[in-house]
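Architecture at a glance
Each chain, letter by letter, is given below.
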Amino acid sequence: MAAAAPALVLKHRRTTLERVEKFLSSCYFTDCNLWGRLYGDSYPVTSLSCFLTPEHMPYEKAIRQHFHPVKVGDTFGPTWWTCWFRVELTIPKSWLGHEVHFRWESDGEGLLWKNGEPVQGLTKSGKKTSYVLTEKLKEGDLWSLTLYVEAACSGLLGAGKGSMIDPPDSEKTFSVTRADLAVFHRDVYELIIDMEILLGMAKCLGEGNQRSFQALYTVNQMVNVCDPNDPGTFSAARTLASGLLHQRNGDSQHVIHAIGHCHIDSAWLWPYKETIRKCARSWSSVIQLMGKNPQFTFACSQAQQYAWVKRYYPSLYSQIKEYVHIGQFIPVGGTWVEMRTVLGVRGGVKFGLHLEHLAQKDGNLPSGESMVRQFLQGQNFFLQEFGKMCSEFWLPDTFGYSAQLPQIMRGCGIQRFLTQKLSWNLVNSFPHHTFFWKGIDGSRVLAHFPPGESYGMEGHVEEGVFLFPRTVFLITGEELRAVLYLVWGIVPGTSQWHLYHSSPKIRRNGAHLLNAAIRSLGGRRSSSRDLSFSHNLFVFNTLSWDRTEVVALPGVNEIENLVLVTVPSMGYTRAPPPGPPPRAVRVVQENDGSVTLDNGIIRAHLDSMGHLNSLVLISSDRETIPRGVFGNQFVMFDDVPLYWDAWDVMDYHLETRKPVTKLDQALEVGIPGGLRGSVHFSLQLSNRSILTQEIVLDAACPYLKFHTEVDWYESHKFLKVEFPAWAQTSNATYEIQFGHIQRPTHYNTSWDWARFEVWGHRWMDLSEHGFGMALLNNSKYGCSVRNNILSLSLLRAPKSPDATADMGHHHFTYAIMPHMGTLQDSGVIQAAYNLNFPLHVLPFEAAIYRPWSAFSVSSSAVVLETVKQAKAGPHPYTLVLRLYESHGSHVDLWLQSALPVQEAIICDLLERPDHRQHLTLEGSRVKLSFSPFQVVSLLLILRPPLL
């Protein structure tokens, strides 16, 4: 064959790039381009039959069902059903010596079964539409075989009607567009990969770059040399590529550690049963890749997903355990699921989807104890199943990062942290990729943000040649030689771009070796809470070991006259007999309809709309509400995000603020005074939604409560309540898990402005020196303080993916608390606990007549957060107590118990004893020391009860 004429040096860059693109296109000119030669002869399946079922049916049961004949192009459905296909294949004898693929294309996801085993996922959207039956057909191979495809009536990202996040189309149908056998030309595939790499280099390095020109010149020459209809030309084309691709990479290049990862939301826009099958589809494909490539490693978190596969796909799970043992399939994360809260746990509606439809990934909203239990369950699972716990917390896709996570991680055996989601930011770019993350207690973990800014990268050239160097350029100082992480989502076949001079170098050696590499640099780096009633029942069940008379609690409807005390101690006392309190609540209604409530601690004045015109702290005669404005102002906003309806709140919604002004029922006195005084009123939020509120002041209570009920039937609206405070300060304080943090009240920088809405747990506080106001709540998380206005987000009304999200009846409580001194000294934290865990009145037997407290602490700075039974204690009668320092101070205290404590042992959050720290019991008490925001866990071994 005559040598091809050399390409002209002067060529039009765009036309040359597009020429190569079309030569590799799967859409254009496939009759004459290289892609059109990827497969050779094809042959239809011998027979195709199916049956439909709404069940998640095991394979053994499915293959015994009645299958009826179907053909390619037929549809199946409806949404969320399953269509099982039986596929009979006969390979032509003429294909001897060839690589043979089974090809399956459908708009529904499928799981391929062979010989009773799940072997691979099939999904058109995920670019997995073929299965290798044999890499080289031999005489002794089976020529005829039967496969089964378990096809889901849903797509890769759900079944939205229209866009992905739209509500599911319940009547959607799906079709099979291809089911056949084909000869696969691997030499064509490898040539396509080489040309795609060079094309990517030419694009990414940019016009004017010498190496970009070399790559473009070479790949254009390859097009000239390669005749798609003549395989004899392929070798010459690959020789041209190897001359460039095999140039040695320099030792100065950055190292990228590549590891496979398949991010599967345990709850997304599909039923849980689909998550289970997604795990099987994804992980069977991974196992297949591992069998062919011993260098391929795959990181997988979420113990729940392992448990699902163990239960529903035991043979696949056995293979996974084998690859875990040899280090290719790598458990990471340490938690039961990636950190999340189920929407609605506290009645909150911040992100607004129905409980059964979505569990929102979130590192802000779950309570500290919830996070601990995630690690406790997860780490125990990994230890039991794989012989070791995880040492890295893998959390690529989370909405938020609690400042207490470093301490929680360290207490659960976690030293390193990987995440990515913070890079998806419209306003600010996070400036670091490998650094120490320091929590509010001083705990540190080594954190890594993959510079690829995705947990599903595809190994394209631009991800390494362009994105990684650009990102590294943004990193300053000693991070310049950083070890970087590439988290593959779709694994490329024979990518070689990492060999190219000036490209980052790729290592496919797994998370554990990456972590070792990061550790070697580490020394140089810059640095939901429970519903109150279930919480109390849990305490009762735990304490019932010693107090046998409260083991069998009657139903809630039988409440009589035993008071359960939960904060600051845990126990009970007999309710006082009826009689006048030390200072009765006075309720006075004026002629204009306004009302004053006074309990000797605070005095509140409300107008007929329920607005708080005045709130005076009586001991200092200090007014809380500034002149000319009022608190308890309800405001509505338009709430139309750019796309992610139920997820995003955009800054521009603040421009649409509209105060609620339409009165439905004027303020009236409810309870005229005594132990309690109350008033009530209702507002018309719109012609569809009504808000009713009872404002309550109790005797001896330092805060005014707002019991709120809303019948909510809105569309893309956002309801908040505002309280201006007569205080001047540049920072507000918000409760988080096991502590609190401060945030600015001004918008001086883009970082401040981007926090137009933030998260808090039970309280937020705005204080100047000597005085402040706290806004407490029992079920909301979205909040903000701008200048001197405290705002609490109450309700949203998104329509995608659930058109009925949050529609209906809501009830919640918030409270306003003026105080002298700091929030710590004035008891704000204690008050917030009281609001969330109020005294409960329960029936009791006549024999119980004396007060009894299981535990109490001698310092108000320390909160006894949790009492539970030990998961696997050193003694059958072992309790776990979890306490934390809430003020941000160093403190020594005594923990007193009325239980028969035999021994007290410090333990970590996984309930493993720490015998390095010795505790001495002095009678029924033990002395503890805390540093700011420190969480301390104790194992209390009790003497067995007398039988």
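The text that follows walks through the structure, step by step, so that each part is easy to find. Remember, it's a predicted structure, so these values are computed and weren't measured experimentally. (Residues numbered from 1 in each chain as written. Predicted model: local features only at pLDDT ≥ 70, side-chain atom pairs only at ≥ 80, totals over all residues. Heavy atoms only, no water.)

**Things to note about the overall build of the protein chain**
When its secondary structure is counted, the protein chain shows 15 helices and 53 strands. Counting the 947 residues in the protein chain, one finds 56% classified as buried. With an accessible surface of roughly 39600 Å², the protein chain has 53% of that area assigned to carbon and sulfur atoms. (Helix = DSSP H or I, 4+ residues; strand = E, 2+ residues; numbered from the N terminus. Buried < 20%, exposed > 50% of the residue type's maximum accessible area, 1.4 Å probe, protein only. Areas by Shrake-Rupley, 256 points an atom, 1.4 Å probe, with all protein chains shown as cover.)

**Describing helix α5 (residues 234-245)**
In this model, α5 (12 residues) spans 16 Å end to end at C-alpha, consistent with the 16 Å of a helix rising 1.5 Å per residue. Within α5 the residues assigned to the buried category are F234, A237, A241, L244 and L245. The buried residues of α5 occupy one face: seen down the axis, they fall within an arc of 95 degrees. Across α5 from its buried face, at more than 90 degrees, point the exposed residues S235, T239 and G243. As for α5, its buried residues are in contact with α3 (186-205) and α4 (210-225). (Expected span 1.5 Å × (residues − 1). Arc of directions from axis to C-beta. Contact = heavy atoms within 4.5 Å.)

**So, helix α6 (residues 272-292)**
Here α6 contains 21 residues, and its C-alpha end-to-end distance of 31 Å stays within 8% of the 30 Å for a straight helix at 1.5 Å per residue. Among the 21 residues that make up α6, 17 are buried, leaving the element largely enclosed by the rest of the structure.

**Some thoughts on the packing of aromatic side chains**
Applying the stated criterion to the full structure yields 44 aromatic pairs. Their ring planes at 80 degrees and their centres at 5.8 Å tell us that W283 and F329 sit as a pair that is edge-to-face. Here the residue W283 occupies a position in helix α6, and F329 occupies one in strand β14 (residues 329-331), the gap between them amounting to 46 residues. When sorted by exposure, W283 lands in the same class as F329, which is buried. (Phe/Tyr/Trp six-rings, centres within 6.5 Å; stacked < 30°, edge-to-face > 60°.)

**Description of the environment of H740**
Structurally, H740 can be placed in strand β38 (residues 739-744). Setting aside residues up to four positions removed in sequence, H740 forms contacts with I440, T733, Y734, E735, W763, Q824, S886, H887 and F933. Polar side-chain contacts of H740 include one of 3.3 Å to the backbone oxygen of S886. (Polar contact = N/O pair within 3.5 Å; in protein donor to acceptor, adjacent residues only side chain to side chain.)

**Some words on the environment of Y43**
One can find Y43 in strand β1 (residues 39-44). Distance from Y43 to A182, taken between C-alpha atoms, is 6.3 Å for residues 139 residues apart in sequence. Not counting residues within four places of it along the chain, the set of residues in contact with Y43 comprises T90, P92, W95, D180 and L181.

**Things to note about the pattern of salt bridges**
The tally for this structure, following the rule as stated, stands at 40 salt bridges. The shortest N-O distance in the salt bridge between E385 and K310 comes to 2.8 Å. Pair noted here: E385 is in helix α9 (residues 368-386) and K310 is in helix α7 (residues 303-312), with a separation of 75 residues, a long-range link. Here K310 falls in the partly exposed class, since its relative accessible area comes to 37%. Where E757 meets K720, a salt bridge forms, and the shortest distance between an N and an O atom there is 3.4 Å. Of this pair, E757 sits in the loop between α14 (750-753) and β39 (758-759) while K720 sits in strand β36 (residues 717-724), and the two are 37 residues apart along the sequence. Salt bridges linked by common partners bring E109, E150, E274, R277, K278 and R281 together as one network. (Salt bridge = Lys/Arg side-chain N within 4 Å of Asp/Glu carboxyl O.)

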